[in-house]
Amino acid sequence: MEGPSNGGMLYHEVQESKLCAVHCVNTVLQGPFFSEFDLAALASDLDCKERQMMLEGGSGAGLVPEESHNVSLDGDFSIQVLEKALEVWDLQVIPLNSPVAEPAQIDPELENAFICHLQDHWFCIRKVNGEWYNFDSLYAAPEHLSKFYLSAYLDTLKGFGWSIFLVRGNFPKECLIASSDASNGYGQWLLPEDAERITKSCNSGQRPTHGTRQNREISDPSSQFGEAEMLLEAEDEDLKAAIAASLMDSSPAPAPAPAPAPEAASAEVGTSENENNTTSEENVSEKKPL
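Residues numbered from 1 in each chain as written. Predicted model: local features only at pLDDT ≥ 70, side-chain atom pairs only at ≥ 80, totals over all residues. Heavy atoms only, no water.

A. Summary view of the sheet that holds strand E5 (residues 131-134). Here we have six strands laid out as an open sheet, ordered E2-E7-E3-E4-E5-E6, and antiparallel in their pairing. Edge positions in the sheet fall to strand E2 (91-95) and strand E6 (143-145), since each has one partner strand and no second. Neighbour-to-neighbour, the strand axes of this sheet turn through a mean angle of 25°, independent of strand direction. Sheet topology places E2 next to strand E7 (residues 163-169); five bridges connect them, and they run antiparallel. (Pairing = 2+ DSSP bridges. Helix = DSSP H or I, 4+ residues; strand = E, 2+ residues; numbered from the N terminus. Axes fitted to C-alpha atoms, helices over the stretch in contact; angles between N-to-C directions.)

B. Quick look at the environment of Gln 188. As for its placement among the helices and strands, Gln 188 is situated in strand E8 (residues 187-190). Expressed as a C-alpha distance, the spacing of Gln 188 and Gly 31, which sit 157 residues apart in the sequence, is 9.2 Å. Setting aside residues up to four positions removed in sequence, Gln 188 forms contacts with Leu 10, Tyr 11, His 12, Val 14 and Ala 140. There is a polar contact of 3.1 Å between the side chain of Gln 188 and the backbone oxygen of Ala 140. (Contact = heavy atoms within 4.5 Å. Polar contact = N/O pair within 3.5 Å; in protein donor to acceptor, adjacent residues only side chain to side chain.)

C. The arrangement of the pattern of salt bridges in detail. One pass over the structure, following the stated rule, counts eight salt bridges. For the salt bridge of Arg 168 with Glu 111, the shortest nitrogen-to-oxygen distance reads 2.9 Å. On the criterion of sequence distance, the pair formed by Arg 168 in strand E7 and Glu 111 in the loop between helix H4 (102-106) and strand E3 (113-118) is long-range, its members being 57 residues apart. On the accessibility criterion, Arg 168 (24% relative accessible area) is partly exposed. One salt bridge in this structure joins Lys 158 and Asp 155, with 3.4 Å as the shortest N-O distance. (Salt bridge = Lys/Arg side-chain N within 4 Å of Asp/Glu carboxyl O. Buried < 20%, exposed > 50% of the residue type's maximum accessible area, 1.4 Å probe, protein only.)

D. Broad picture of the nonpolar core. Val 28, Phe 77, Leu 82, Leu 86, Ile 115, Trp 122 and Val 167 are the most contacted members of the largest nonpolar core, which totals 28 residues. Looking at this core, the elements with two or more residues in it are helix H1 (20-29), helix H2 (36-56), helix H3 (79-87), E2, E3, strand E4 (121-128) and E7. Broken down by element, this core gets its largest block of residues, seven residues, from H1. Aside from chain neighbours lying at most four places away, what touches Phe 77 is Ala 21, Val 22, Glu 36, Leu 39, Ala 40, Ala 43, Asn 70, Val 71, Leu 82 and Trp 122. Residues Ile 94, Phe 123, Leu 145 and Leu 150 belong to the second largest nonpolar core, which totals 18 residues. (Core = buried A, V, L, I, M, F, W, Y, C linked by side-chain atoms within 4.5 Å.)

Here it is, written out as structure tokens:
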């Protein structure tokens, strides 16, 4: 029986700038295999090929875009770049909604890795040593996912509009672990128990603030269900406030308060009579001769 890969350790990268695509690729591979410069070179190569195809297709030179479609100025990469990077390691990236990926839609536990993308954020969900983990770079450590939660979590991400890709092929079995931090400066090796301790510590306090505010809002690996609930509650509160404001603007003047109940009226009358009697007695006592 084979021992655990990488000595049972988990490789995780923490968000740096907008390099989540780099972090995503490396956590799929479970090692610091690529830097942003490597992915930038792949993006440049793809751009050149795309321009060449456009020119060969009859497009004029003036119509060929100069800007890159595969990497932004702040370091966000396209899915094509991630595909090319993983192809180097004989891995295939497949949209989860494609017919080829139908078995993974039914039972994702049988697979090994998923790539998730929304707006400008990428992260990886990966099986390591038989256990599933969320390697989102916005958080300080990979978060363990139970087999049941894996399927529910993927469904929730799809409901939130995330694009999900299946990764298949021959994943690297081992990566040389440096005695210090990972070679690209972003990564760290963690034992599963250390990752669990860090995750619990973060969950009990405030989540780390890596990445942009927008990215933190769209990617919360431990509370997608809670986030949906909070959004619904917030929408309900906004709706209630809007309805209340509308009613205040359009409602008629308030009706007069109803007359007091008979018993209450009697009590009030009784009180008045007692006060009158007391006043009369005081007046009489004042008129008595000395």
